[in-house]
Amino acid sequence: MDVLESGRGELIQPPDLDAFREWNRTQKSRKLIDKLMTEKEAVSRFVFDGCYIGTELYGTVRCPMSLVREVIRQKKKDLRILGQGVLELDLWLAAGLIKKIDLTYIGLEVYGTSAAFRRAVEGGQIETCVEWSNAAITMRLKAAAMGIPFLPIRSMLGTDTLTYSAAKVVEDPFTGMKVCLVPALILDVGLMHVHRADRYGNAQVEGISGFAFEMGRACKRLIISAEEIIPTEEIRQYPDRTMIPYYLVDAVVHAPFGSHPGDMAYVHERDEPGIREWVEASKTAEGARAYLEKYVDNLADHEQYLALVGKERLDRLVAEREKRT
Amino acid sequence: MDEQSYSRTELMICVAARLFEDGTTTFIGTGIPMLAGMLAVKTTAPNLMPIFEFGGMGAIFDKLPTAVGGARTFHKALCATGITDTMETAQRGFIDYGFIGGAQIDPYGNLNSTTIGDHDHPKARLPGSGGGNDVGSLCWMTVAIMQHDKRRFVPQVDFITTPGYLTGPGKREAMGLPPRSGPIYVVSTLALLDFDRLPGGTCRMRLVATHPGVTVEEVVANTGFELIIPVKISENPPPSEVELKLLREEIDPEKLYI
């Protein structure tokens, strides 16, 4: 199979599928072990300087923001990231933690482009931005989840998105059609926020699943934060709802409102003034720093963060939530 | 309704909304496409199947979605799935339309939402493809919604994030993109445009209809490349009172976009 075209982007995290198998054999326990711990412990044990890290879902939607803030508190640096994000990656960019990006989207959605991202790239803080589409990134995770080195897709072809990616174009040996091959992406660490989990890591998500299924299976270390910690008996009552089985998980963190100021479907609405506060603050480097001081560095943990946001405001978000009735 | 009583953005949203075809599956991108889709469902396309990339399918629009993965994208939906499923659904030919935006567009409908200037040392770093490239690659028909000026309608985009007809007829297919797919309309703040895409056509952008109060000369003056100007050019009907009322009172009462 001849390579017809190669993207010139760096393959930031080259996949080693046999090493991944070996890792999964030797480093991931099959036993039901109590993995409940704090954000502080989970991040200090599993996130390391220079690691390749991803978050799921994204910034304003079911995003593990309490873990994201803890990563900043612990100043984990030179991160290489899966760049599908809004607030979470903005905070890391503003804190100067990111070195390389496999990029599909970093912006503020309804509020436009990200000033933090612009400053970081235009100012040269980011060593490289390798371009991908959303389908490409999730298929890269899916390939890792499948334990295979790549997947063929029909996106990216003919565009600069492909030219500045690390994808390759080949002719399919079966049909003769041109396809874009995207390499498996195995994360060193994944952070994910879910609706409920037991203390072993069996985790359930409500509403859309984003890329939780794929990313959960594409990580060497997976930290789950959950709105609710439930007894395993409840997991066993609804096993069909388990998206992430325990053996994928390395740490379980109890984080009510863990996605604040983003939303959590059926639990609470997003905090629009809270999101706008970042949008405004992040317009300047000074503003972004002040925000990080106020909401991250000056606070010891997620509990203090929730106290700062205030019960009244959180109650209002719960009342405004998407309801099933 | 006289010209002063609505903005060009409102008009653009109304013209875009009228292009949504009832009974089709339609990928809806962030921002203006969401307003247009919601207006369409409330007017001419009540049986539209809206699809949001992170997994919302067949939502009932209650409040304007502000995030492509937010709970409003699967409010009382028919299906809440994930992004690999929505992308695979498009890849196997199940998604008819995609409505998307971009920072720059060229005569062949290629869109840029990645960088202005050199990629590695950009003058402006934009968000990136997101699902844009996938929508433009995999949906049968795409519609771009854009502000119309010379900085945005350019002879060559700085970066092809999302494929239109690339460099001309047959190029999509030659690069491996699915046959008979591609951009069909551009809705701008000045006009409705399409592409010369019949067999033997150039695949270049063509003026279809100007907005009320906009002259052909104004469209030409605000376009950085040569448009195909047919002999017959119609005028888009202005927003109706019903459309404006829905837009202002039900769809975007907080004036996030309009």
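Please refer to the structure placed before this passage.
Per chain, the residues get numbers from 1 upward, laid out in the order the sequence is written. By the order in which they are written, chains take letters starting at A while ligands take numbers starting at 1. Local features in this predicted model are restricted to residues of pLDDT 70 or higher, and side-chain atom pairs are both shown and tallied only at a pLDDT of 80 or more, whereas totals for entire chains, interfaces and linings draw on every residue. Side-chain numbers come from the whole structure's heavy atoms, not from hydrogens or water.

Digging into the pairing of strand S6 (residues 150–153) of chain A
All names here are of chain A. For each residue, the accessible area found with a 1.4 Å probe, counting protein chains only, is set against the maximum for its type, and the residue is called buried under 20%, exposed over 50%, and partly exposed in between. Each helix is a run of H or I in the DSSP string that is no shorter than four residues. Each strand is a run of E no shorter than two, and both are numbered from the N terminus. The alternating pattern of S6 places Leu151 and Ile153 on a buried face, while none of Phe150 and Pro152, on the opposite face, is buried. Across four bridges, the pairing between S6 and strand S8 (residues 178–183) is antiparallel. Note on S8: the bridge partner recorded for phenylalanine 150 is proline 183. A strand pair is defined by DSSP finding two or more bridges across the two strands.

What about the pairing of strand S5 (residues 97–100) of chain B?
All names here are of chain B. Of the two faces of S5, the one carrying Tyr97 and Phe99 and the one carrying Gly98 and Ile100 are both buried. Bridging between S5 and strand S10 (residues 141–146) involves four bridges; their strand directions are parallel. Looking at S10, one finds that tyrosine 97 is bridged to methionine 141.

Focus on the pattern of salt bridges
Salt bridges are defined by distance alone: a side-chain nitrogen of Lys or Arg within 4 Å of a carboxyl oxygen of Asp or Glu. Enumeration over the complete set of coordinates arrives at 32 salt bridges over all chains. With a shortest N-O distance of 2.9 Å, glutamate 10 of chain A and lysine 100 of chain A are connected by a salt bridge. With glutamate 10 of chain A in the loop between strand S1 (3–6) and helix H1 (17–26) and lysine 100 of chain A in strand S4 (residues 98–106), this pair connects stretches of sequence that are 90 residues apart. Overall, glutamate 10 of chain A belongs to the partly exposed group, its relative accessible area being 34%. A salt bridge links glutamate 250 of chain B to lysine 42 of chain B; its shortest N-O distance comes to 3.3 Å. On the criterion of sequence distance, the pair formed by glutamate 250 of chain B in helix H7 (residues 241–251) and lysine 42 of chain B in helix H2 (residues 32–42) is long-range, its members being 208 residues apart. It is possible to trace a salt-bridge network through shared partners that takes in Glu10, Lys100 and Glu127 of chain A.

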